[in-house]
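# Geometric and topological summary
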Amino acid sequence: MSVLSWLNGEAFTAVGQHILWSDMIGNVIGLAALALGWRRSILTWPAQLLSGVILVGAYSSAQLSGGVGKQLLVIGVALWGWRQWQRGRQQAQDGSIAVRFASGRERLVLLAGTAVGTLAVGGLFVAVPELSWNPWPDAYIFVGTLAAMVAQARGLVEFWFAWLLVDIVGVPLAFSSGLAFSGLVYVVYLALVLWGMRDWWLRSRAAAVPLEGAAA
């Protein structure tokens, strides 16, 4: 049996749901990546990279092309984000990753890019039905995840708000697609997102106080 076959095999059954190894392992690593992001650890990026690689197999088995595409983007953005945080840590005096709220322009770009991207990807999924059996939610999660990771790479507090919006759709879609473990992990994501949002929010406020004092 190949590693790929084993990963896409059934780990166990819970409440009538068949849990795949790839779904379980990939999401546990993804959960760890989110927790590492909350702690502003650069290890969040290699963890997201590994999670993306494993979840490609899970989404392939569920025939969710949008999910596969999303994970391929996760892999690409994880490599870019890893480099961004390496540069940020080298430039910071204390070796930490600075976090802040996005500027008005950055928020507009994120919102507009997410809206246009969702319409474009959703339209593609509708035009080519074999790419996704649930095109609009799939497209929303696909683009929303990309937007969240880009915001995370730039150290923006809005990264957590983006993940929150992805979770709202991700939970029911995962369960309806037969990826029960993904659905359960999305629920845990929600708790981590709320805690992480609070932590980054407070850190960004604390960092702004010395800057305001210096300007005065």
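The structure we're discussing is the one just above.
So, here's what we can say about the structure. Note that the structure is predicted; figures quoted are calculated from it, not measured. (Residues numbered from 1 in each chain as written. Predicted model: local features only at pLDDT ≥ 70, side-chain atom pairs only at ≥ 80, totals over all residues. Heavy atoms only, no water.)

### Topic: the pattern of salt bridges
Condition: A pairing counts as a salt bridge when a side-chain nitrogen of Lys or Arg comes within 4 Å of a carboxyl oxygen of Asp or Glu. Each helix corresponds to a stretch of at least 4 residues labelled H or I by DSSP, and each strand to a stretch of at least 2 residues labelled E; elements are numbered beginning at the N terminus. When accessible area is computed with a 1.4 Å probe and restricted to protein chains, residues below 20% of their type maximum are described as buried, those above 50% as exposed, and intermediate ones as partly exposed.
Counting across every chain of the model gives 3 salt bridges. In this structure, the salt-bridge partner of Arg154 is Glu106, at a minimum N-O distance of 3.3 Å. Residue Arg154 is located in the loop between helix 6 (135–153) and helix 7 (158–176), and its partner Glu106 is located in helix 5 (residues 104–127); the two are separated by 48 residues in the primary sequence. A residue is classified by how much of its surface remains accessible, and Arg154, at 42% relative accessible area, is partly exposed. Judged by its relative accessible area of 15%, Glu106 is buried. Linking Arg107 and Glu158 is a salt bridge whose minimum nitrogen-to-oxygen distance equals 2.8 Å. You can see Arg107 sitting in helix 5 and its partner Glu158 sitting in helix 7, a full 51 residues away along the chain.

### Points about empty space enclosed by the protein
A water-sized probe rolled over the atoms picks out the places where empty space is left. The line we're drawing: A cavity here means a set of points on a 1 Å grid, drawn over the protein atoms and nothing else, where a 1.4 Å probe fits but cannot get out; a pocket is an open set with protein on both sides within 12 Å along at least five of seven lines, and a residue lines either one if it has an atom within 4 Å of a point. Grid points are joined across faces, edges and corners, and a volume is the space filled by probe spheres set on the points. Residue type decides the class: Asp, Glu, Lys and Arg count as charged, Ala, Val, Leu, Ile, Met, Phe, Trp, Tyr, Cys and Pro as nonpolar, and the leftover types, Gly among them, as polar.
The tally for this structure, following the rule as stated, stands at 2 cavities of 30 Å³ or more. A volume near 230 Å³ is recorded for the largest cavity. Surrounding the largest cavity, 17 residues form its lining, Gly30, Ser51, Gln71, Trp163 and Tyr189 being those nearest its centre. Elements that contribute at least two residues to the lining of the largest cavity include exactly helix 2 (21–38), helix 3 (44–61), helix 4 (65–91), helix 6 and helix 8 (180–215). It is helix 3 that contributes the most residues to the lining of the largest cavity, 5 residues altogether. Classifying every residue of the lining of the largest cavity by side-chain character gives 9 nonpolar, 7 polar and 1 charged.

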